[in-house]
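# Breakdown of the fold
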Amino acid sequence: MKIDKNSISDYNSQYKDTFEQEFRFVSDSLEQKGLNVESVVKKISDFQVAIPSWALGAGGTRFGRFSYGGEPSSLEQKLNDIGVLNALTKSAGAVSLHIPWDIPDDTQAIKEIAESHGIAFDAMNSNTFQDQPGAEETYKFGSLNNTSKNVRDYAIQHNLDVIRIGEELGSKSLTVWLADGANFPGQLNFQNALKYTEDSLKSIYQYLPEDWRMFIEYKPYEPNFYSTTIQDWGTSFMLANACGEKAFTLVDLGHHLPNTNIEQIVATLLLKGKLGGFHFNDSKYGDDDVTVGSIKPYALFLIFNELVYGMENNPQNPSLAWMIDASHNIKDPLEDLLQSIEAILIAYAQALLIDQKDLREAQLQNDVVKCQEILQDAYRTDVRPLVKAARLKANAALNPLDAYRSFEVRKELIKERGNKTIATGL
Ligand code: PSV
Ligand code: MN
Ligand code: MN
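Predicted model, so just to flag it, every value in this text is computed and none were measured. (Residues numbered from 1 in each chain as written. Chains lettered and ligands numbered in written order. Predicted model: local features only at pLDDT ≥ 70, side-chain atom pairs only at ≥ 80, totals over all residues.)

## What to know about the environment of glycine 418
Mapped onto the fold, glycine 418 is located in the segment after α16 (409-417). Glycine 418 gets classed as partly exposed once you count the C-beta atoms within 10 Å, which come to 13. (Helix = DSSP H or I, 4+ residues; strand = E, 2+ residues; numbered from the N terminus. Buried ≥ 20, exposed ≤ 12 C-beta atoms within 10 Å, placed from the backbone.)

## Some words on unusual backbone geometry
In this chain, isoleucine 99 is followed by proline 100 through a cis amide linkage whose omega measures 20°. Mapping proline 100 onto the fold places it in the loop between β4 (94-99) and α5 (107-116). Positive phi outside glycine occurs at lysine 90, with the angle close to 55°. Relative to the elements of secondary structure, lysine 90 occurs in the loop between α4 (75-89) and β4. According to the C-beta neighbour criterion, lysine 90 is buried, with 21 such atoms within 10 Å. The phi torsion at asparagine 259 lies on the positive side, around 70°, for a residue other than glycine. Tracing the backbone through its elements, the reader meets asparagine 259 in the loop between β10 (247-252) and α9 (262-271).

## Let's talk about the pairing of β10
Extensive coverage of β10 is indicated by the burial of six of its six residues. The alternating pattern of β10 places Ala247, Thr249 and Val251 and Phe248, Leu250 and Asp252 on opposite faces, both of which are buried. Alignment of strand β8 (residues 213-217) against β10, held across four bridges, turns out to be parallel. From the neighbouring strand, glutamate 217 faces β10, where its bridge partner is leucine 250. For β10 and strand β11 (residues 275-280), the ladder comprises four bridges, and the chain directions are parallel. What sits directly across from aspartate 252, in β11, is histidine 279. For the handedness criterion, the β-α-β arrangement of β10, α9 and β11 is classed as right-handed. (Pairing = 2+ DSSP bridges. Right-handed = clockwise from strand over helix to strand, strands pointing away.)

## A word on the confidence of the model for the protein
Summary statistics for the protein give a mean pLDDT of 96 and a share of 99% for residues scoring 70 or more. Among the scores for the predicted complex, ipTM is 0.98 and pTM is 0.97. (pLDDT = per-residue confidence, 0-100.)

## A closer look at the pairing of β4
Regular strands have side chains that alternate between both faces of the sheet. Among the six residues that make up β4, six are buried, leaving the element largely enclosed by the rest of the structure. Of the two faces of β4, the one carrying Ala94, Ser96 and His98 and the one carrying Val95, Leu97 and Ile99 are both buried. Strand direction decides the pairing type here: strand β1 (residues 50-52) and β4, joined by three bridges, are parallel. Bridge pairing in β4 links alanine 50 to alanine 94. For β4 and strand β5 (residues 120-126), the ladder comprises five bridges, and the chain directions are parallel. Residue pairing in the sheet places alanine 94 in a bridge with alanine 120 of β5. Remark: the β4/α5/β5 crossover connection has right-handed handedness.

## Re the environment of aspartate 211
With respect to the helices, strands and loops of the structure, aspartate 211 is situated in the loop between α7 (190-206) and β8. With 8 C-beta atoms counted inside 10 Å, the residue aspartate 211 sits in the exposed group. In the structure, aspartate 211 is positioned 55 residues away from isoleucine 156 in sequence and 20 Å away in space, judged by C-alpha atoms.

Dropping the structure here:
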């Protein structure tokens, strides 16, 4: 299944008049406020978010998994699915692979398929939270933090293998997320576990290619329910500092205890030049991995406010690796991803509308009411016409989800691949 440019422009032509009316209305009112709409549209259109290979199949819960039909069963098919997302949005121009779920059989062929869809290889993810068939060591009691040196070395070697595969594909970063921790008090010596983790990460870092970056993800609980060795941003930050200047913290929105002020964490890391990557999703309780913006869109907007500020004011922080880390067990996975992409672009666009100069002045005056008004004025603007303008500019579909349905993509995929497919992933 491939969506070509012509079908997209045919699709767009039926909505062009309505779009132009909507766009004129919003852009006139924003220009009157002194905003450069063209530059906002350009920024939206430049924004690219990586799609994780494991979100293309229907997600599972620990209670079960229900296939959606037409799920990709190979890396080639996963790239083709991302190709569909990218053709419809032109915002999904990268893939993030998980090894060993996505080991390419033929690297050259995979690179060519990715290139034909305009897809780059974003961060490579290692997996030391599952034992693979034929594994010589078990991660049952941890990987990089394990009390056994053999297990630690085995997990380190796996990360080095992931780097090698990534180098062949043209990736430039490694994301390390560890499930390591304890289910019960007393199970683990916290200090040794942290020391082992630091030493293991340093051993991996030592082999990181010159132009690569390493992202260290944190998570407070799950699958371990008493403690996680890299439990929070502070621990990740400390480990990234211990490794060196190519190591950074990765923020996954679902990896916080309820009500954590994530935007403040983002600001702190940007100030210190240590925010490396970002996993988007949404949550009500924990690492729910639900569609971006489906539960707390205002929180997402406040996070984007800090990201926009940081991108403008923190040259000490390198450009960020954006990725969606959401997958659901009852939605069509591609529709879910289209909704997530839309939510990300909307929050970004809203944050770009914030009048930073006025906000600084109001902050200096301690005019708390004005500060809130400035933020909420941006948040309450319907920016969807700006997002559509960005898409039109890039030859993407004005309404990707509607286009996906009208092209009957899922029906086609089921026809091609069958109904009883299960993609690799969690
Ligand atoms: C862990 O919960 C996580 O967020 C990490 O990013 C993993 O790599 C990903 O989910 C998929 O398992
Ligand atoms: Mn994640
Ligand atoms: Mn997660």
